[in-house]
Amino acid sequence: MPDRPGDQWDRRVANGLAFLRRRLSGDYEVDEFGFDPELTDAVFHPLLRLLYRDWFRTEVSGVEHVPLDGPALVVGNHSGTVALDALILSAALHDKHPAHRYLRLLGADLVFRMPVVSEIARKTGGTVACNPDAERLLGGGDLVGVFPEGFKGIGKLYSDRYKLQRFGRGGFVSAALRTGTPIVPVAIVGGEEIYPMLADIKPLARLLKLPYFPVTPTFPWLGPLGMVPLPSKWLIQFCPPIPTAHLTDSADDPLVVFNLADQVRETIQQTLHTLLERRPDPFGP
């Protein structure tokens, strides 16, 4: 017998009250990194779902390349002035993957020095971007997400959109090699247009101890309204995994690390070109 509308609302209210009771009583679990799956599912993912599905109209392809179980290192391009792309990728992957896997994001030190932001990052599964933490997560069978461009990627000018920046020293490759974990490159189109950075006021950034201080078409001119992201069209494509199990003895070989990092970077860059051809209008349907 189908539920009546009143029954559905009763169930939602009962579930909501049960959730609040568990939160107030402390009857929920977090792992050693502070990850809180229940809070992520109940609060953060629904908010991100509104963004990626309704505001950005995100299309996801290639999710079959992400393993059903076991570890994988998901490596993506970074952009957008504010790192929304990492959060959108995490929520979209969880929703679209048949096993609804969580992506454990690696973030910069600055993220974990900011009040509130650091707590949210930990609660949603994030941790500091360092090899020991990455290797512990991969060793435990988790999906780990990393953005090797770091602030160079999200802080680049709009004129440099979709041009991948340097991948640093390839620390993410070393973590994958030491654990024999496959690397899954992922290309994200759409993030560059949400806050197009026209200029970087470096003296102000140094004063505020920030990696950059952006000037966009709406910020700082419109104040808080300037923080509303523009509704660009997003495309996310996961690429075939690159195996590393046969290279575990080469984790400390700089040449192997560099070549593998370059292969990942080139894969993402070429996929970005393909996606941009599919999306001629940044704000289309």
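Residues numbered from 1 in each chain as written. Predicted model: local features only at pLDDT ≥ 70, side-chain atom pairs only at ≥ 80, totals over all residues. Heavy atoms only, no water.

Asks: Just give me the short version of helix α2 (residues 37-55), but keep the residues and values in it.
Replies: The largest bend in α2 is about 40°, located at H45, with the proline P46 one to four residues further on. Within the span of α2, buried status applies to L39, T40, F44, H45, L48 and Y52. Of the residues flanking the end of α2, it is R57, one or two places downstream, whose phi is positive at about 50°. (Bend = angle between axes of the 7 residues up to and from the residue. Helix = DSSP H or I, 4+ residues; strand = E, 2+ residues; numbered from the N terminus. Buried < 20%, exposed > 50% of the residue type's maximum accessible area, 1.4 Å probe, protein only.)

Asks: Tell me about the packing of aromatic side chains, residues and numbers included.
Replies: In this structure the tally under the stated criterion is 5 aromatic pairs. Ring geometry for F56 versus W234: centroids 4.7 Å apart, planes at 25°, classification stacked. One end of the pair, F56, is in the loop between α2 and β1 (59-61); the other, W234, is in the loop between β8 (214-215) and β9 (235-238), with 178 residues separating them in the sequence. Pair check on accessibility: F56 and W234 agree, each one buried. Judged by centre distance (6.5 Å) and plane angle (70°), the rings of F151 and Y212 are edge-to-face. One end of the pair, F151, is in helix α6 (residues 151-154); the other, Y212, is in the loop between α8 (202-207) and β8, and 61 residues separate them in sequence. A residue is classified by how much of its surface remains accessible, and F151, at 31% relative accessible area, is partly exposed. (Phe/Tyr/Trp six-rings, centres within 6.5 Å; stacked < 30°, edge-to-face > 60°.)

Asks: Mind laying out the environment of L106, listing which residues take part and the relevant values?
Replies: As for its position among the elements, L106 is in strand β3 (residues 103-107). Separated by 20 residues in the primary sequence, L106 and G126 have C-alpha atoms spaced 5.7 Å apart. Here L106 is in contact with T127, V128, A129, A134, L137, V144, G145 and V146, once residues within four sequence places are set aside. (Contact = heavy atoms within 4.5 Å.)

Asks: Give a description of the packing of helix α7 (residues 171-179) against helix α9 (residues 254-278) that names residues and reports values.
Replies: Two elements in contact, α7 and α9, have axes separated by 9 Å at closest approach and are oriented at 110°. Accordingly, the angle class assigned to the pair α7 and α9 is roughly perpendicular. Taking contact as the criterion, the partners of F172, V173, S174 and L177 in α7 are, on α9, V256, V257, L260, A261 and V264. The residue makeup of the contact of α7 with α9, split by class, is 8 nonpolar, 1 polar and no charged. (Axes fitted to C-alpha atoms, helices over the stretch in contact; angles between N-to-C directions. Parallel < 35°, antiparallel > 145°, perpendicular 65-115°, else oblique. Nonpolar A, V, L, I, M, F, W, Y, C, P; charged D, E, K, R; others polar.)

Asks: I'd like to hear about the nonpolar core, residue by residue, with values.
Replies: By size, the foremost hydrophobic cluster in this structure holds 31 residues, and its most contacted members are L73, V75, F172, I183, V264 and I268. Elements that contribute at least two residues to this core include exactly β2 (72-76), α5 (131-139), β5 (143-146), α7, β6 (183-189) and α9. In this view, I183 contacts L73, V75, A176, P240, P241, I242, T244, L260 and V264; residues no more than four positions away in its chain are not counted. Judged by nonpolar contacts, the second largest core, of 26 residues, contains F56, L89, A91 and L105. (Core = buried A, V, L, I, M, F, W, Y, C linked by side-chain atoms within 4.5 Å.)

Asks: Quick one: what's the story with the pattern of salt bridges, residue by residue and with numbers?
Replies: As enumerated under the stated definition, the model contains 13 salt bridges in all. As a salt-bridge pair, E59 and R278 come within 3.5 Å of each other at their nearest N and O atoms. Taken as a pair, E59 in strand β1 and R278 in helix α9 lie far apart in primary sequence, 219 residues in all. Note on E59: relative accessible area 37%, which makes it partly exposed. Its salt-bridge partner being E192, residue K156 comes within 2.9 Å of it at the nearest N-O pair. Note that K156 is positioned in the loop between α6 and α7 and E192 in the loop between β6 and β7 (199-200), a separation of 36 residues in sequence. (Salt bridge = Lys/Arg side-chain N within 4 Å of Asp/Glu carboxyl O.)

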